[in-house]
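# Examination of the molecular architecture
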Amino acid sequence: MKDRLPAPLFSLLQKTGELAERRRVRVYAAGGFVRDLLLGIPNFDVDLVVEGDGIRFARALAQQYKAHVVTHKRFGTATVAFADGHAFDVATARTESYDSPAVLPTVRRSSIREDLRRRDFTINTLAVGLNADHLGELVDLHNGLRDLQDKTLRVLHGLSFIDDPTRVFRAIRFEQRLGFQLDRDTAVLMKEAVNMKICHRLSPARLSAELFHVLSEREPVKTLARLADFNLLQCIHPRLKWSPELARLMKAVEKAVEWHAGLSLGRLKSPWVVYGMALMDLLPQPAVQETLARLTFPRRHTRSMLRVAQEGARLLRTLDRTIQPSETFRTLRNLPDETLIFLMAKTRSKRGKQHIADQITAYRQVRPILRGNDLKAMGLEHGPLYNRILDRLLDARLNGEVETEADERRLVSRLAERG
Ligand code: ATP
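What you see is a predicted model, and the numbers here were worked out from it, not measured in a lab.

### A word on the site of the ligand
Residues in contact with the ligand amount to 15 residues; listed here are only the nearest, Arg-35, Arg-119, Asp-164, Arg-167 and Arg-177. Taking Asn-124, its main chain carries an N or O atom lying 3.0 Å from an oxygen atom of the ligand. With respect to the ligand, the side chain of Arg-177 contributes an N or O atom lying 2.7 Å from an oxygen atom. Taken together, the elements giving at least two residues each to the shell around the ligand come down to α2 (32–39) and α7 (166–178). Per-element tally for the shell around the ligand: the top contributor is α7, with six residues. Within the shell around the ligand, the residues separate by chemical class into one nonpolar, four polar and ten charged.

### Examining the domain arrangement of the chain
Split into domains, the chain comes out as domain 1 (7–150), domain 2 (243–364) and domain 3 (372–418). One C-alpha centre belongs to domain 2, the other to domain 3; they are set 33 Å apart. Each side of the interface is counted separately: domain 2 has six residues, and domain 3 has six residues. Summing both sides of the interface, domain 2 and domain 3 together bury roughly 530 Å²; the carbon and sulfur share of this comes to 49%. Counting across the interface, domain 2 meets domain 3 through one salt bridge. Here Arg-330 ties to Asp-395 by a salt bridge, and the two come within 2.6 Å at their closest N and O atoms. Between the two partners, domain 2 and domain 3, sit three residue pairs in polar contact (both at pLDDT 80 or more). By residue class, the composition of the side of domain 2 that touches domain 3 is three nonpolar, two polar and one charged.

### Digging into the nonpolar core
Ranked by internal contacts, the top residues of the largest apolar core, which has 105 residues, are Phe-88 and Leu-232. Looking at which element gives the most residues to this core, the answer is helix α12 (residues 271–280), with eight residues. Beyond its immediate stretch of four places on either side in the chain, Leu-232 contacts Val-168, Phe-169, Ile-172, Met-190, Val-194, Cys-199 and Leu-227. If you look at the next biggest cluster of nonpolar residues, it comprises eleven residues, including Leu-375, Ile-389, Leu-393 and Val-412.

### Here we look at the sheet that holds strand β5 (residues 87–92)
On the basis of which strands lie adjacent, the open sheet formed by seven strands has the order β3-β4-β5-β2-β1-β8-β9 and mixed pairing. The sheet is open, and its two borders are formed by β3 (68–72) and β9 (138–139), each paired with just one other strand. As judged from the five bridges shared by strand β2 (residues 46–51) and β5, these two strands associate in the parallel manner. Of the residues in β5, the one forming a bridge with Val-46 is Phe-88.

### Here we look at the state of the cysteines
Counted by the stated rule, this structure contains one disulfide. Here Cys-199 pairs with Cys-235 through a disulfide, and the sulfurs are 2.0 Å apart. When the S-S torsion is -90°, as for the bridge of Cys-199 with Cys-235, the disulfide is left-handed. Of the two residues, Cys-199 is situated in the loop between α8 (184–195) and α9 (204–215) and Cys-235 in the loop between α10 (220–229) and α11 (244–261); the sequence distance between them amounts to 36 residues.

### Digging into the pairing of strand β4 (residues 77–81)
Pairing geometry for β3 and β4, over five bridges, is antiparallel. Looking at β4, one finds that Val-70 is bridged to Thr-79. Both β4 and β5 contribute to a ladder of five bridges, which runs antiparallel. Looking at the pairing, Thr-77 lines up with Ala-91 of β5. Between β4 and β5, which pair antiparallel and follow one another directly, the connecting turn spans five residues, one of which, Gly-85, has a positive phi of 105°.

### Some remarks on the packing of aromatic side chains
Applying the stated criterion across every chain yields a total of five aromatic pairs. Between Tyr-65 and Phe-82 the ring centres are 5.5 Å apart and the planes differ by 85°, which places this aromatic pair in the edge-to-face class. Linking Tyr-65 in helix α3 (residues 54–65) with Phe-82 in the loop between β4 and β5, this pair joins segments that are 17 residues apart in sequence. Relative to Phe-174, the ring of Phe-121 lies with its centre 6.2 Å away and its plane at 80°, an arrangement referred to as edge-to-face. Here Phe-174 lies in helix α7 and Phe-121 lies in the loop between α4 (112–117) and β8 (127–129), a separation of 53 residues in the sequence. Owing to a relative accessible area of 0%, Phe-121 belongs among the buried residues under this scheme. Chaining the aromatic ring pairs together yields one cluster made of Tyr-65, Phe-82 and Phe-88. Across from the ring centre of Phe-174, 5.6 Å away, lies the NZ or CZ of Arg-173, which sits over that ring.

Criteria and thresholds
- Residues numbered from 1 in each chain as written.
- Predicted model: local features only at pLDDT ≥ 70, side-chain atom pairs only at ≥ 80, totals over all residues.
- Heavy atoms only, no water.
- Near = heavy atom within 4 Å.
- Polar contact = N/O pair within 3.5 Å; in protein donor to acceptor, adjacent residues only side chain to side chain.
- Helix = DSSP H or I, 4+ residues; strand = E, 2+ residues; numbered from the N terminus.
- Nonpolar A, V, L, I, M, F, W, Y, C, P; charged D, E, K, R; others polar.
- Domains from an automatic or database assignment.
- Contact = heavy atoms within 4.5 Å.
- Buried area = accessible area lost by both parts, 1.4 Å probe.
- Salt bridge = Lys/Arg side-chain N within 4 Å of Asp/Glu carboxyl O.
- Core = buried A, V, L, I, M, F, W, Y, C linked by side-chain atoms within 4.5 Å.
- Buried < 20%, exposed > 50% of the residue type's maximum accessible area, 1.4 Å probe, protein only.
- Pairing = 2+ DSSP bridges.
- Disulfide = S-S within 2.5 Å.
- Phe/Tyr/Trp six-rings, centres within 6.5 Å; stacked < 30°, edge-to-face > 60°.
- Lys NZ or Arg CZ within 6 Å of the ring centre and 35° of its normal.

Listed below in structure tokens is the structure:
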């Protein structure tokens, strides 16, 4: 741990263990953090499990560090956000029992042993002791370390996917992200679960969360293709299928997202939306509408995905023509970056691609020299004319019709005369 973690994080974990000792509780780091630590993958999302009252412990930790704490009483969990940017999710060790399949489980307080037993795959059951006398000691109750070394994803029991169908999505995410293989029995169980149409029992909110995670992977395309191998795209919409055409579009999206990342314009805020747009691109419009109405994505993203489905083809036809920069600007001006990147990937027209690239890298940054105040100083009466003139000035600048401030003033005078 000392070798692989940044020194401030290691020290924080060590101090957390000392506090645990003083408060007579046992504390462990568990799950993805430990998995990635052992794999040598940077992951500083620390999940702590407390044998005892997790919320009380989180409060004490926050107090010691003057950190910010948010508690979720119903789940016995808390998040402690430290001033240096680190954050720990703290949970009370718990047991879950499933009263009926695919619904959220009933939760009871318990030990680390039981807490680890409710987890999805053996590689995610690993924990590390933090108390001073056990600092760094690996808790491996399900042969997680062996599976980590063998690059194997294995469920803990035969009903795992039935209990919680989100695990089929998680399995494929981990398989693709880590380059692991599903253990043979696990793959069979997964296929059986899919054949039982288990994912149709998932609530729209849980399905949406899983799809969001898939689309947010670093390489979502191979993850989506693999979901298709297991007939899982049908959970999103029965007509959704992988095809060479969709694969081509996805590749083009990857390229466009990469192109944008290299621009130093600031990162795309929600690249997952671009992949989401691509995923739905080959569906007929009513199916896109149905899908988006069911999924619980943030409203603004739902709206832009819907708009692309409805207007994308028309926008691309406009952009395929030889048009003035001002027309490109006005065609694309109200669209979020995610939509622009998607359109760029979708169009097969070189000219269309270039127009979109120009919009992103150049046109959007263009402003006339003169502002409203300058028009006022020129004696123009304030009113709707102002906006029309400023719009025209912007067009003229985009199209290279004006260069200097004097050019702009001349244009303003001409426009004002015409009213
Ligand atoms: P990621 O790197 O994608 O964040 P993670 O393993 O850290 O992966 P989380 O979703 O943060 O994933 O979950 C933390 C831990 O909680 C997991 O490692 C796993 O032990 C457990 N867990 C999460 N989801 C489930 C689930 N659906 N069923 C059982 N255990 C789960």
